[in-house]
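# Survey of secondary and tertiary structure
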Amino acid sequence: ILRIVKYLRKNHKPVLQKKCYICGSGKFSPYAEIHGFRYVKCVRCGHLFTTYRFTEEAIQNFYKTNNYYSKTTYADKKSCFYRRDNVAKPKVEFLEQFITPQKDKNTWIDVGAGIGDLVSVAEKKGWKATGLELSDNSVKFGKEVFNANLVQQTLDQYIKENPGLWDNVDVMSFIGLLEHTTNPLGLLRLTNKLLKKNGHVMIQ
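Residues numbered from 1 in each chain as written. Predicted model: local features only at pLDDT ≥ 70, side-chain atom pairs only at ≥ 80, totals over all residues. Heavy atoms only, no water.

## Considerations on the environment of Glu57
- On the secondary structure map, Glu57 appears in helix 2 (residues 56-65).
- Along the sequence, Glu57 and Arg189 sit 132 residues apart, while their C-alpha atoms lie 20 Å from each other. (Helix = DSSP H or I, 4+ residues; strand = E, 2+ residues; numbered from the N terminus.)

In structure tokens form, the structure reads like this:
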């Protein structure tokens, strides 16, 4: 974490967050200080956030080009198959309890897909699964190891190239992703417009 913070501070200037990410309130109380960042608690909704944060552009640039995060977390041939079978597979099986999948017809988009372990599991189960991932290293690793259908784009970019997605996606997943974004509610509102009437969103 310290290495990531040091990299971001060296290359990008934090910006003041004047309002709560969730409810928009400007009233909050001090909560904690971690790695030089001051955390506050929203008086209205209780959400915890930092008073200074990096921009969406800075965060996306970090995940796209910095291989350190990818290599030290997921892109490891010694552990990736274990993660796929014992972490990703149970997530897919959990969601499938609530649906009746039509083989090769249901669409699943995994945002922030990492090395594509969840995507590879979903594909083997008959889903038309696509993983969106910014990291150069993760996308390369996932395609080589899992042959996963990974696209190096943000959700906005992917939608622009695939306008037929509106009201046409069965499942969207955000595993360890929303806490890395500067506008989580905006991302979920966009997701709601993409999902079919009885679509599902899975968040961790």
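## Brief notes about the pairing of strand 10 (residues 195-203)
- In the sheet, strand 9 (residues 169-174) pairs with strand 10 via five bridges, with the strands oriented parallel. Residue pairing for strand 10: Met172 is matched across the bridge by Val201.
- Following the backbone out of strand 9, through helix 8 (residues 184-194) and into the adjacent parallel strand 10, one traces a crossover that is right-handed. (Pairing = 2+ DSSP bridges. Right-handed = clockwise from strand over helix to strand, strands pointing away.)

## Here's the deal with unusual backbone geometry
- At Asn147, a residue that is not glycine, the phi angle is positive and equals roughly 55°.
- Looking at where Asn147 falls in the secondary structure, it is placed in the loop between helix 6 (136-145) and strand 8 (150-151).

## Examining the packing of helix 4 (residues 80-96) against helix 5 (residues 117-124)
- Direction vectors running N to C along helix 4 and helix 5 enclose 65°, while the axes themselves pass 9 Å from each other. Where helix 4 crosses over helix 5, the handedness of that crossing is right-handed. From helix 4, Arg83, Arg84, Ala88, Lys89, Lys91 and Val92 reach across to helix 5, where they touch Asp117, Leu118, Ser120, Val121, Ala122 and Lys124.
- A per-class count over the contact of helix 4 with helix 5 returns five nonpolar, one polar and six charged. (Axes fitted to C-alpha atoms, helices over the stretch in contact; angles between N-to-C directions. Left-handed = near helix turned anticlockwise from the far one by under 90°. Contact = heavy atoms within 4.5 Å. Nonpolar A, V, L, I, M, F, W, Y, C, P; charged D, E, K, R; others polar.)

## Focus on the pattern of salt bridges
- Taken as a whole and assessed by the stated rule, the structure comprises seven salt bridges.
- A salt bridge links Asp136 to Lys64, with the nearest nitrogen and oxygen atoms 3.6 Å apart. Of this pair, Asp136 sits in helix 6 while Lys64 sits in helix 2, placing them 72 residues apart in sequence.
- Overall, the relative accessible area of 35% leaves Lys64 in the partly exposed class.
- Between Lys196 and Asp170 there is a salt bridge, and its shortest N-O distance comes to 3.3 Å. Here Lys196 is found in strand 10, whereas its partner Asp170 is found in strand 9, with 26 residues between them in sequence. (Salt bridge = Lys/Arg side-chain N within 4 Å of Asp/Glu carboxyl O. Buried < 20%, exposed > 50% of the residue type's maximum accessible area, 1.4 Å probe, protein only.)

## What about the pairing of strand 3 (residues 37-42)?
- As defined by bridge partners, strand 2 (residues 28-34) adjoins strand 3 across six bridges and the pair is classed as antiparallel. The residue bridging Pro30 from the neighbouring strand is Val40, located in strand 3.
- Here strand 2 folds back onto strand 3 in antiparallel fashion, the turn holding two residues, of which His35 has a positive phi close to 50°.
- Where strand 3 lies against strand 4 (residues 48-50), three bridges are found, and the strand directions are antiparallel. By the bridge assignment, Lys41 is partnered in strand 4 with Leu48.
- Between strand 3 and strand 4, which follow one another and run antiparallel, lie five residues, and Gly46 among them has a positive phi close to 85°.

## Section: the sheet that holds strand 3
- Strand order across the open sheet formed by three strands is 2-3-4, with antiparallel pairing between neighbours. Each edge of the open sheet carries a strand with a single partner, namely strand 2 and strand 4. Strand-to-strand twist in this sheet, taken as the mean axis angle between neighbours without regard to direction, amounts to 35°.

## A look at the sheet that holds strand 7 (residues 128-132)
- Here five strands make up an open sheet; going across it, the order is 8-7-6-9-10 and the pairing parallel. The sheet is open, and its two borders are formed by strand 8 and strand 10, each paired with just one other strand.
- Strand direction decides the pairing type here: strand 7 and strand 8, joined by two bridges, are parallel. Across the sheet, residue Leu132 finds its bridge partner in strand 8, namely Val151.
- Helix 4 contacts strand 6 (107-111), strand 9 and strand 10 of the sheet and is inclined by roughly 145° relative to strand 10.
- Relative to the sheet, helix 5 contacts strand 6, strand 7, strand 8, strand 9 and strand 10, its axis offset from that of strand 7 by approximately 170°.

## Brief notes about the nonpolar core
- Ranked by size, the top nonpolar core spans 22 residues in total, and within it Trp108 and Trp127 carry the most contacts.
- For this core, the secondary structure elements donating two or more residues are helix 4, helix 5 and helix 6.
- Ranked by size, the runner-up nonpolar core spans 16 residues in total, among them Val169, Met172, Leu178 and Leu187. (Core = buried A, V, L, I, M, F, W, Y, C linked by side-chain atoms within 4.5 Å.)

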